[in-house]
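Overview (structure and organization)
Read off the chains here:
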Amino acid sequence: MPGTENRLMLLDTASLYFRAFFGVPESIKAPDGSPVNAVRGLLDFIARLTTDRRPARLVACLDADWRPAFRVALLPSYKAHRLANAARNIEEVPAALEAQLPIIFDVLTALGIAHFGVKGFEADDVIGTLASADPGPVDVVTGDRDLFQLVDDERGVRILYTARGVGRHEVVDETVVATKYGIPGRSYADFATLRGDPSDGLPGVAGVGDKTAGTLITRFGGIDGLLAAVDDPAADLSPTLRRKIADARDYLAVAPDVVKVRQDVPLPEYDDTLPTAPADPEALVELASRWGLDSSLNRVLNAFSPAPA
């Protein structure tokens, strides 16, 4: 694994602020009575993660397009159940969280934390592009298992998986993926395609769950090898599975390009250096006062201070 002195931390920011919104009481309010639970929770998460993992660089990756047209064109069911307005492609987000997003972005700007999305792409794609281009090591912070496909022990790319909470996050590398799902460590995308994911509108192959998907990926190496086996009468494939996979051929022809995280997103210019002082101290003071963020911001600033020699 590459040395840790230049570690890059990539935040799946929406995953974290959704977790903060639903995990921190909505009774946490600004002086004017506005809820700021997602803002304060996200800041506390950032403070905890940077204290525990000591990255040298940090990017908060955003969803400029939570349901990109290129994925919907391939699979119309993709995230369709989460649409609040189908005509405008707007995601269903609680109003109390929606109102906090501009505050989050203002605070990240004042702190000097690099944060951006790219039109036409999800945060996952931004993360995938940054992680693939970086020499490593890279920590990807997310509650989304789709990003397990990025693990790469050789380059030091791992997932800090927050499903059980940021403070109890699980470090996921190729060994963890292989142990948990019974597949080669870098085969998660094909595994997820077969199994499906109702939360993303991915139907998967009917009757194929985690165990069967893992067995098929291990036996045939991936979707391409599996489809070739369906057409090979001599392949080690039961009649029932052969029929199920054949019936899902149209889905399997497009789903891998939906599930696969892009690694070719055109990135803007950015500075991912972890700030040791606020980029805009006056704006940060005003934001802290207006929204009652002093304690959370102080934790972030303390976490960003250089570690003692």
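Residues numbered from 1 in each chain as written. Predicted model: local features only at pLDDT ≥ 70, side-chain atom pairs only at ≥ 80, totals over all residues. Heavy atoms only, no water.

Identification of the chain as 5'-3' exonuclease from Jiangella anatolica is taken from an unreviewed UniProt entry. Recorded under Function (unreviewed entry), the UniProt text for the chain is reproduced unchanged: "5'-3' exonuclease acting preferentially on double-stranded DNA." (UniProt positions renumbered as here; feature names shortened; annotations may be inferred.)

The secondary structure content of the chain amounts to 14 helices and eight strands. Computed over its C-alpha atoms, the radius of gyration of the chain comes to 21 Å, within 12% of the 19 Å expected for a compact globule of 309 residues. Across its three principal axes, the chain shows a C-alpha extent of roughly 70 × 50 × 35 Å. With the model as given, the accessible surface of the chain reaches about 13800 Å², and the carbon-plus-sulfur share is 52%. (Helix = DSSP H or I, 4+ residues; strand = E, 2+ residues; numbered from the N terminus. Rg over C-alpha atoms; globule rule 2.2 N^0.38 Å. Areas by Shrake-Rupley, 256 points an atom, 1.4 Å probe, with all protein chains shown as cover.)

A word on the side chain of Thr193. Looking at where Thr193 falls in the secondary structure, it is placed in helix H8 (residues 188-195). We classify Thr193 as buried; its relative accessible area is 0%. Dropping the residues within four chain positions of it, Thr193 is found in contact with Gly204, Ile223, Tyr251, Leu252, Ala255, Pro256 and Val259. (Buried < 20%, exposed > 50% of the residue type's maximum accessible area, 1.4 Å probe, protein only. Contact = heavy atoms within 4.5 Å.)

Our focus in this paragraph is the sheet that holds strand E5 (residues 114-116). One key point about sheets: their strands pair by backbone hydrogen bonds, in either a parallel or an antiparallel sense. On the basis of which strands lie adjacent, the open sheet formed by six strands has the order E5-E2-E1-E6-E7-E8 and mixed pairing. Edge positions in the open sheet fall to E5 and strand E8 (170-172), since each of these has one partner strand only. For this sheet, the mean angle separating the axes of adjacent strands, direction not counted, is 20°. Inspection of the sheet shows strand E6 (residues 138-142) paired to strand E7 (residues 157-161) by five bridges, in the parallel sense. Following the sheet pairing, Val138 is matched in E7 by Val157. Packed on one face of the sheet, helix H6 (residues 123-133) meets strand E1 (8-12), strand E2 (57-61), E5, E6 and E7 and runs near 170° to E1. (Pairing = 2+ DSSP bridges. Axes fitted to C-alpha atoms, helices over the stretch in contact; angles between N-to-C directions.)

Our focus in this paragraph is the pairing of E1. The element E1 is extensively covered by neighbouring structure, given that five of its five residues are classed as buried. The alternating pattern of E1 places Leu8, Leu10 and Asp12 and Met9 and Leu11 on opposite faces, both of which are buried. For E1 and E2, the ladder comprises five bridges, and the chain directions are parallel. Bridge pairing links Leu11 to Ala60 in E2.

What follows covers the layout of surface pockets. Taken as a whole, the largest pocket spans an internal volume of roughly 700 Å³. Where the lining of the largest pocket is concerned, the elements lending two or more residues are helix H1 (13-23), H6 and helix H12 (249-259). Among the elements that take part in the lining of the largest pocket, H1 stands out by supplying four residues, more than any other. Grouping the constituent residues of the lining of the largest pocket by class yields ten nonpolar, four polar and 15 charged. Two domains each provide a minimum of three residues to the lining of the largest pocket, namely domain 1 (8-177 + 262-304) and domain 2 (185-259). Counted as a void, the second largest pocket has a volume near 340 Å³. Contributions of two or more residues to the lining of the second largest pocket are made by H1, strand E4 (90-91) and helix H5 (101-111). Take the lining of the second largest pocket: its biggest share by element is four residues, from H1. The residue makeup of the lining of the second largest pocket, split by class, is eleven nonpolar, two polar and four charged. (1 Å grid on protein atoms, 1.4 Å probe; cavity = no way out; pocket = protein on both sides within 12 Å on 5 of 7 lines; lining within 4 Å. Points joined across faces, edges and corners; volume = space filled by probe spheres on them. Nonpolar A, V, L, I, M, F, W, Y, C, P; charged D, E, K, R; others polar. Domains from an automatic or database assignment.)

With that settled, the discussion passes to the packing of helix H10 (residues 223-230) against H12. Between H10 and H12, the shortest axis-to-axis distance is 11 Å and the interhelical angle comes to 160°. As far as their axial angle goes, H12 and H10 are roughly antiparallel. In the packing of H10 onto H12, the handedness of the crossing is left-handed. Taken together, the residues of H12 that come into contact with H10 (itself represented by Ile223, Leu227 and Val230) are Arg249, Leu252 and Pro256. (Parallel < 35°, antiparallel > 145°, perpendicular 65-115°, else oblique. Left-handed = near helix turned anticlockwise from the far one by under 90°.)

Looking down a regular strand, the side chains alternate between one sheet face and the other. In terms of burial, E2 is a largely internal element, five of the five residues being buried. Bridge count for E2 against E5 is three bridges, and the pairing is parallel. Pairing of Ala60 across the sheet is with His115, part of E5.

By secondary structure assignment, the location of Leu297 is in helix H14 (residues 294-304). A residue is classified by how much of its surface remains accessible, and Leu297, at 3% relative accessible area, is buried. Setting aside chain neighbours within four positions, we find Leu297 in contact with Leu43, Val107, Leu111, Leu284 and Ala288.

Attention now moves to the side chain of Asp124. Within the secondary structure, Asp124 sits in helix H6. Contact partners of Asp124, with chain neighbours within four places excluded, come to Asp12, Asp144, Asp146, Leu147 and Val261.

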